[in-house]
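The primary structure of each chain is shown beneath.
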Amino acid sequence: MKLLKTSLPVLALAGLFMILAACAQMKSISSLPDSHPEALTTGQQVNCSECHEDQQKGTMKAFAAFSHSATFVKNHRFYSASDDRLCSTCHKSSFCNDCHTNKVQMKPSTKYGYRPDREMPHRGNFITLHKIEGKLDPASCYRCHGRANNERCVACHN
Amino acid sequence: MKNICCRLVCSASLLAFPVAASAADISVDSSTIFRIENRDVTGAKKQTLLPATQFLGLDVDKLADGNLSLHFYGWGRADLGDKSYNNDKVDGSFTYGYLQYRFKEANAAIRAGRFFVREGIINEQVDGVNARTELPMGFGLSAFGGATVHTKHLYAENSDGKGDYIYGGRANYRYKGMLELGASGLYEGKAPTLANYTNGNHRLLGGDIWFSPHKTIEAMGHTSYNPETKRVAEHTYLLNIKPVQHLVLSGEFNEHRERSYFYAWTMFSGAALDPAEKSRSVGGSASYEITRNFEVVADYKHYTREIGNADRYGADARIKFLDNSVRGGLSYHYLRAGKGFAIGTNPTASYHEVRGYAMHDSKNYFAAVDALGYFFRDKIYNEKSAWEAMLSLGYHITPALALSGDISYGRNPEFIEDTKGLLRLTYNMTFDGKGGKK
């Protein structure tokens, strides 16, 4: 029942969209493609400007802002907060979920042991180090271990 | 009114009958991973862990009229040796499974099932419905609602401390790709009362900004407010400056009011924290692509907490050869941190971190080596360092199917020795598909 109650406003909004979708003004707002038209290599650092000229269309941000520099990767959370739609043209949700926001089975650096070039959180054995890092910046841990992915922690923290 | 109902019903029935597939695109991702770990912990008996894990992802695109798609991901694990976790010998997780209908205009989409929402200050896993669209004149809306996903039970409790339902959304405004402003909020049902933990309701309001007056400058971040504690929970901001091509200078500022930010962190009884405590971190980094194949990054961060302050600085170098097929990296960081951050009664928590790796991938095989060491200023449990070295080798049986194995050995204060082996079979249909490895 609660589920229905909370879903109702969303459904109402969904209904609203459909009416809006029918109106001519909406038709002029173009959509991103379902998936990125060009296959990209898996190696690090996708430089969007290599293929995209930076002429900016409508309300889209300049492509270069999304080039996967070391700075982008480290701070991707800021970009995903407002451009999740764009991310999902190239990334399946599972790509993100291997690192966070759910019940993760093993450290991403173990699952992808063959990819040392990727920016994985806490590689190696972290049990010792976490006692220092956890005191240094607990907010960073909360982002991943706060409301999910903390089954392992409960063994010692209770 | 009749019109609205009709549309709602039409869309609902659309969601209910995905089987009316025309030329559906199906893709499957699977990883099967066997791990072997020999642990030797001081004062405990030697353990052999043998967990076998299966990850499975399924995506079916172009269903019904071509705009409907189905997405699924989950895993299951069985321990063939000693328990690898603290609870059961078998475990699993249904990570997500949803139907999505994308409209041709305005990036409008509706999702139903289990999915993740990332909008402004929101980052949640939900069982429910999510709808979003752009609107004329640069506006946009997104809303979600449903049941929270419970992933575990806390020790000696029959709950994970989360409320039963959650809803929220974000409204935004964009101006010509140079400014975006967003307002978002989330509301979770009342958090259950627990015997051993102090937890609070998960409810937040926030505002986010992205501003790029010129292509060389980009500022972004968000602030969240906790209506339960009536205080700001988080400020987090980032400024990127690109004065010349290939050079990125960036500065960040983060501030958390502990009780307000950790209010719903049941495991650490966040709601019991001191409302006056505040932590802050300020940092900067410079990354420079000297050539297309060689990049260096230098970074610095200063942390301020009630228990003291600390600094971390260091540098990374990354190199690529032979059309990206050989990659390597080296990094060094030093953490200077005092007694407040140290383990046990150590006078300092300072340590050096050194890492190096190299890898090669070709059509037929791939290989990687990785070594990581931590060297402590003060011995931790009588050990001066913690280190781990890893070797990985793999073979592409077909472009989509690969078999690989990793072996690692390490010593650290916690486990006197830790030897791990892993065997991995991956099948990835989208490996070569659109948008790279999605």
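Each residue is numbered by its place in its chain's sequence as written, counting from 1. The order in which chains are written sets their letters, starting at A; the order in which ligands are written sets their numbers, starting at 1. Totals for whole chains, interfaces and linings use every residue, but because this is a predicted model, local features are given only for residues with pLDDT of at least 70 and side-chain atom pairs only at 80 or more, for both listing and counting. In computing side-chain values, all of the structure's heavy atoms are included and hydrogens and water are not.

A. Inspection of the overall build of chain B at higher detail. Helix numbering and strand numbering both begin at the N terminus, where a helix is a DSSP run of H or I of at least 4 residues and a strand a DSSP run of E of at least 2. Secondary structure assignment for chain B yields 2 helices and 23 strands. Put simply, chain B has 438 residues, and 50% of those count as buried. Pairs at least 24 residues apart make up 42% of the contacts formed inside chain B by residues separated by at least 6 positions. Under the convention used here, a 1.4 Å probe and the Shrake-Rupley method define accessible areas, while residue burial counts only the protein chains that appear. Accessible surface, chain B: about 20200 Å² in total, of which carbon and sulfur atoms supply 62%. Per-residue accessibility, obtained with a 1.4 Å probe over protein chains only, is compared with the maximum for each type, and a residue is labelled buried under 20%, exposed over 50%, and partly exposed between these values. Between two residues, a contact is recorded if the distance between any of their heavy atoms is within 4.5 Å.

B. Structural view of the overall build of chain A. What chain A contains, in helices and strands, is 8 helices and 0 strands. The order of α-helices and β-strands along chain A, N terminus first, is α-α-α-α-α-α-α-α. The buried share of chain A, taken over its 158 residues, is 52%. Partitioning the contacts of chain A with sequence separation of at least 6, the portion at a separation of at least 24 is 34%.

C. How the structure looks around the interface of chain B and chain A. Facing the 149 residues of chain B at the interface are 112 residues of chain A. A quick way to say it: buried area is the sum, across both parts, of accessible area lost when two parts are put together, with a 1.4 Å probe. Both sides of the chain B and chain A interface together cover about 11700 Å² of buried area, and 57% of this is carbon and sulfur. A salt bridge links A:Arg123 to B:Asp370, with the shortest nitrogen-to-oxygen separation between them at 3.6 Å. N or O atoms closer than or at 3.5 Å make up a polar contact, with two conditions inside protein: a donor-capable atom paired with an acceptor-capable one, and, for residues adjacent in sequence, both atoms drawn from side chains. Linking chain B with chain A are 42 residue pairs in polar contact (both at pLDDT 80 or more). By residue class, the composition of the side of chain B that touches chain A is 64 nonpolar, 40 polar and 45 charged. Salt bridges are identified by distance alone: a Lys or Arg side-chain nitrogen within 4 Å of an Asp or Glu carboxyl oxygen. Three categories are distinguished: nonpolar for Ala, Val, Leu, Ile, Met, Phe, Trp, Tyr, Cys and Pro, charged for Asp, Glu, Lys and Arg, and polar for the others, with Gly belonging to the last.

D. Representation of the domain arrangement of chain A. Residues and elements named next belong to chain A. As used throughout, domain bounds are those supplied by an automatic or database domain assignment. When cut into domains, chain A gives domain 1 (43-91) and domain 2 (99-158). A C-alpha centroid distance of 26 Å is found between domain 1 and domain 2. Domain 1 puts 5 residues into the contact, and the matching count from domain 2 is 6 residues. Both faces considered, domain 1 and domain 2 share a buried interface measuring about 350 Å² in area, 43% of it formed by carbon and sulfur atoms.

E. Region of interest: the confidence of the model for chain B. Residue and element names in this part refer to chain B. Confidence of the predictor at the level of single residues is given by pLDDT, which spans 0 to 100. The share of residues in chain B with pLDDT of 70 or more is 90%, and the mean pLDDT across the chain is 87. Low pLDDT, under 50, characterises residues 1-22; the stretch is placed with 22 contacts to residues that sit more than four places away or in other chains. Reported for the predicted complex are a pTM of 0.91 and an ipTM of 0.87.

F. Fine view of helix H8 (residues 138-145) of chain A. Listing the buried residues of H8(A) in full gives A:Pro138, A:Ala139 and A:Tyr142. Down the axis, H8(A) shows its buried residues gathered within 100 degrees of arc, on one side only. Contacts made by the buried residues of H8(A) are with helix H7 (130-136) of chain A together with strand E14 (247-257), helix H2 (258-261) and strand E16 (294-305) of chain B. Working definition: the arc comes from the directions between the helix axis and the C-beta atoms, pointing outward to the latter.

G. Local environment of the pairing of strand E3 (residues 51-63) of chain B. Strands are labelled as partners when DSSP assigns at least two bridges between them. Both E3(B) and strand E4 (residues 68-79) of chain B contribute to a ladder of 11 bridges, which runs antiparallel. Within E4(B), the position partnered with B:Leu56 by the bridge is B:Gly74.

H. The arrangement of empty space enclosed by the protein in detail. Of the two site types, the cavity is a set of points on a 1 Å grid over the protein atoms alone where a 1.4 Å probe fits but cannot get out, and the pocket is an open set with protein on both sides within 12 Å along at least five of seven lines, each lined by residues with an atom within 4 Å of a point. Grid points are joined across faces, edges and corners, and a volume is the space filled by probe spheres set on the points. Within the structure shown, the criterion is met by 9 cavities of 30 Å³ or more. If you add up the space inside the largest cavity, you get close to 70 Å³. Surrounding the largest cavity, 13 residues form its lining, A:Asp137, B:His256, B:Ser279, B:Arg280 and B:Ser281 being those nearest its centre. Elements with a minimum of two residues in the lining of the largest cavity: H8 of chain A together with E14, strand E15 (278-291) and E16 of chain B.

I. The arrangement of the pattern of salt bridges in detail. Across all of its chains, the model carries 37 salt bridges over all chains by this definition. Of the charged contacts in the structure, one is a salt bridge between B:Glu188 and A:Arg147, with a shortest N-O distance of 2.4 Å. Highlighted residues: B:Glu188 in strand E10 (residues 179-188) and A:Arg147 in the segment after H8, drawn from two different chains. Connected via shared salt-bridge partners are A:Lys61, A:Asp83, B:Glu119, B:Arg132, B:Arg170, B:Arg174, B:Glu180 and B:Asp208.

J. Inspection of the pairing of strand E6 (residues 109-119) of chain B at higher detail. Residue and element names in this part refer to chain B. Within E6, 9 of the 11 residues are buried, leaving the element largely enclosed by the surrounding structure. The sheet contact formed by strand E5 (residues 90-102) and E6 spans 6 bridges and is antiparallel. Across the sheet, the residue bridging to Gly-97 is Arg-114, located in E6. Taking the residues between adjacent antiparallel strands as the criterion, E5 and E6 are bridged by 6 residues, where Ala-106 takes a positive phi near 55 degrees. Pairing of E6 with strand E7 (residues 122-134) involves 11 bridges; the strand directions are antiparallel. Opposite Glu-119, over in E7, you have Ile-122 as the bridge partner. Count of turn residues in the E6/E7 antiparallel hairpin: 2 residues, of which Gly-120 carries a positive phi of about 60 degrees.

K. A look at helix H4 (residues 76-90) of chain A. All names here are of chain A. Over its 15 residues, H4 extends only 14 Å from the first C-alpha to the last, a length that falls short of the 21 Å expected when each residue adds 1.5 Å. At Asp-83, H4 is deflected by roughly 100 degrees, the largest bend along its length. Listed as buried for H4 are Phe-78, Tyr-79, Ser-80, Ala-81, Ser-82, Asp-83, Asp-84, Arg-85, Thr-89 and Cys-90. Any helix carries an expected span of 1.5 Å times its number of residues minus one. The quantity called bend is, for any residue, the angle between two axes fitted respectively to the seven residues ending at it and the seven beginning at it.

L. Main features of the environment of B:Tyr155. Residue position: B:Tyr155 is located in the loop between strand E8 (139-148) and strand E9 (165-175). Along the sequence, B:Tyr155 and B:Lys45 sit 110 residues apart, while their C-alpha atoms lie 24 Å from each other.

M. Here's a closer look at a nonpolar patch on the surface. Residues and elements named next belong to chain B. Like-charged residues within 9 Å of one another, or nonpolar side chains (Val, Leu, Ile, Met, Phe, Trp, Tyr) within 5 Å, are grouped into patches, provided each residue has over 30% relative accessible area and no salt bridge. A cluster of nonpolar side chains, namely Phe-34, Leu-80, Tyr-365, Tyr-395, Ile-397, Leu-403, Leu-423 and Leu-425, defines an oily patch on the protein surface of about 780 Å² accessible area. Relative to the elements of secondary structure, Leu-403 occurs in strand E22 (residues 401-411). The exposure class assigned to Leu-403 is partly exposed, which follows from its relative accessible area of 41%.

N. Seen up close, the packing of aromatic side chains. Two aromatic rings from Phe, Tyr or Trp, using only the six-membered ring of Trp, form a pair when their centres are within 6.5 Å; if the ring planes differ by under 30 degrees the pair is stacked, by over 60 it is edge-to-face, and anything between is tilted. According to the stated counting rule, one finds 23 aromatic pairs over all chains in the structure shown. Members of the aromatic cluster, connected to one another through ring pairs, are A:Tyr142, B:Tyr261, B:Phe262, B:Trp265 and B:Phe268. The criterion for a charge sitting over a ring is simple: Lys NZ or Arg CZ within 6 Å of the ring centre, and within 35 degrees of the ring normal. A cation over a ring is seen here: A:Arg77 above A:Phe78, with NZ or CZ 4.5 Å from the ring centre.

O. Expanded view of the side chain of B:Asp160. Residue and element names in this part refer to chain B. As for its placement among the helices and strands, Asp-160 is situated in the loop between E8 and E9. Nearest to the buried, unbridged Asp-160 among oppositely charged side chains is Lys-162, at 4.4 Å. A polar atom in the side chain of Asp-160 sits 2.9 Å from the side chain of His-150. A distance of 3.0 Å separates the side chain of Asp-160 from the backbone nitrogen of Lys-162, its partner in a polar contact. Residues in contact with Asp-160, not counting those within four places in the same chain, are Val-149, His-150, Thr-151, Lys-152, Leu-154 and Thr-266. For the purpose of charge, His is not counted, nor are the chain termini; Lys and Arg are scored as positive and Asp and Glu as negative.

P. Quick look at unusual backbone geometry. Residue and element names in this part refer to chain B. Despite not being glycine, Lys-176 shows a phi value in the positive range, around 45 degrees. Residue classification places Lys-176 among the exposed residues on the basis of a relative accessible area of 52%. Within the chain, His-246 stands out as a residue other than glycine whose phi angle is a positive 75 degrees. Mapping His-246 onto the fold places it in the loop between strand E13 (231-241) and E14.

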